[in-house]
Amino acid sequence: MTKLDAGLLDGTAMVADSFALYALATEHSDAARQLHAALQRGRLTLTVSALAVATASGMRTCWDEYCPERHRLDSATLVRRLCTGPGVEVADMSVEASVAAGRLYASCSAARIEGPEVLSSCHSVLLAQELGRDVLTVPRAAYCYSGPAVQELRCRTVLF
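If you're wondering where the values come from, they're calculated on a predicted model, not measured in any experiment.

What counts and how
Residues numbered from 1 in each chain as written. Predicted model: local features only at pLDDT ≥ 70, side-chain atom pairs only at ≥ 80, totals over all residues. Heavy atoms only, no water. Helix = DSSP H or I, 4+ residues; strand = E, 2+ residues; numbered from the N terminus. Rg over C-alpha atoms; globule rule 2.2 N^0.38 Å. Buried < 20%, exposed > 50% of the residue type's maximum accessible area, 1.4 Å probe, protein only. Contact = heavy atoms within 4.5 Å. Areas by Shrake-Rupley, 256 points an atom, 1.4 Å probe, with all protein chains shown as cover. Lys, Arg positive; Asp, Glu negative; His and termini not counted. Charge placed at Lys NZ, Arg CZ, Asp CG, Glu CD. Pairing = 2+ DSSP bridges. Salt bridge = Lys/Arg side-chain N within 4 Å of Asp/Glu carboxyl O.

Trainee: Which residues make up the overall build of the protein chain, and what are the values?
Mentor: Counting secondary structure elements, the protein chain contains seven helices and six strands. Element order for the protein chain, N to C, with α for helix and β for strand: β-β-α-α-β-α-α-β-α-α-β-α-β. Taking 160 residues into account, the globule formula puts the C-alpha radius of gyration at 15 Å, and the protein chain, at 14 Å, falls close to it. Taken across its 160 residues, the protein chain has 44% of its residues classed as buried. Sequence-distant contacts in the protein chain: of pairs separated by 6 or more residues, those separated by 24 or more amount to 75%. Accessible surface for the protein chain amounts to roughly 8,000 Å². Of this, 51% is attributable to carbon and sulfur atoms. Averaging the positions of the 15 positive and the 17 negative side-chain charges in the protein chain gives two centres separated by 4 Å.

Here is the structure:
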């Protein structure tokens, strides 16, 4: 996992997972506000899976028990607004992509790494691999990428 330098964004294209999507849509931290502004200015483009959109829309908090930020009640509305705005493309899931994400999730589940956010992250990793991009995420989501099968894919995750 690498830490993102917001000053080096020009023309960067990444795949955002559900945690990143929630943080960006709600502008949940200083880094998220900077990245949201970069999206608006065209300095950053994101591809998100439909599954990440669904997962982020259901999140009521960032899931970080040490988070000092205020959590917004209208996150689903903000996620929809972000995904229909500039710089964000929502990728539909084909049957093949759904099956591949399910298989990857099954391997995570066997290692007791479970939950809708993990399934969503599995699809984000596969989408990133297909597009040749990094996955944008937050430190709290690190466990989603700790399964052996996910690590074998050697997808690079970038934290903000």
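Here the narrative resumes.
Trainee: An account of the sheet that holds strand β4 (residues 88-91) is needed here, citing residue identities and associated values.
Mentor: Strand order in the open sheet formed by six strands is β1-β6-β5-β2-β3-β4, and the pairing between neighbours is parallel. With partners counted over all chains shown, the strands left at the sheet margins are β1 (2-3) and β4, one partner each. Pairing geometry for strand β3 (residues 44-49) and β4, over four bridges, is parallel. Within β4, the position partnered with T47 by the bridge is E89.

Trainee: Describe the pairing of β3, naming the residues involved and giving the relevant values.
Mentor: Among the six residues that make up β3, five are buried, leaving the element largely enclosed by the rest of the structure. The sheet contact formed by strand β2 (residues 12-16) and β3 spans four bridges and is parallel. What sits directly across from T12, in β3, is L44.

Trainee: Which residues make up the pattern of salt bridges, and what values go with them?
Mentor: A full pass over the atoms with the stated rule returns five salt bridges. Across the salt bridge formed by R43 and D10, the nearest N and O atoms sit 2.9 Å from each other. With a gap of 33 residues between them, R43 in the loop between α2 (30-41) and β3 and D10 in the loop between β1 and β2 connect regions that are remote in the sequence. In this structure, the salt-bridge partner of R33 is D30, at a minimum N-O distance of 2.6 Å. A residue pair is termed a helical-turn pair when its members lie 3 or 4 positions apart in one helix, as R33 and D30 do in helix α2 at three residues.

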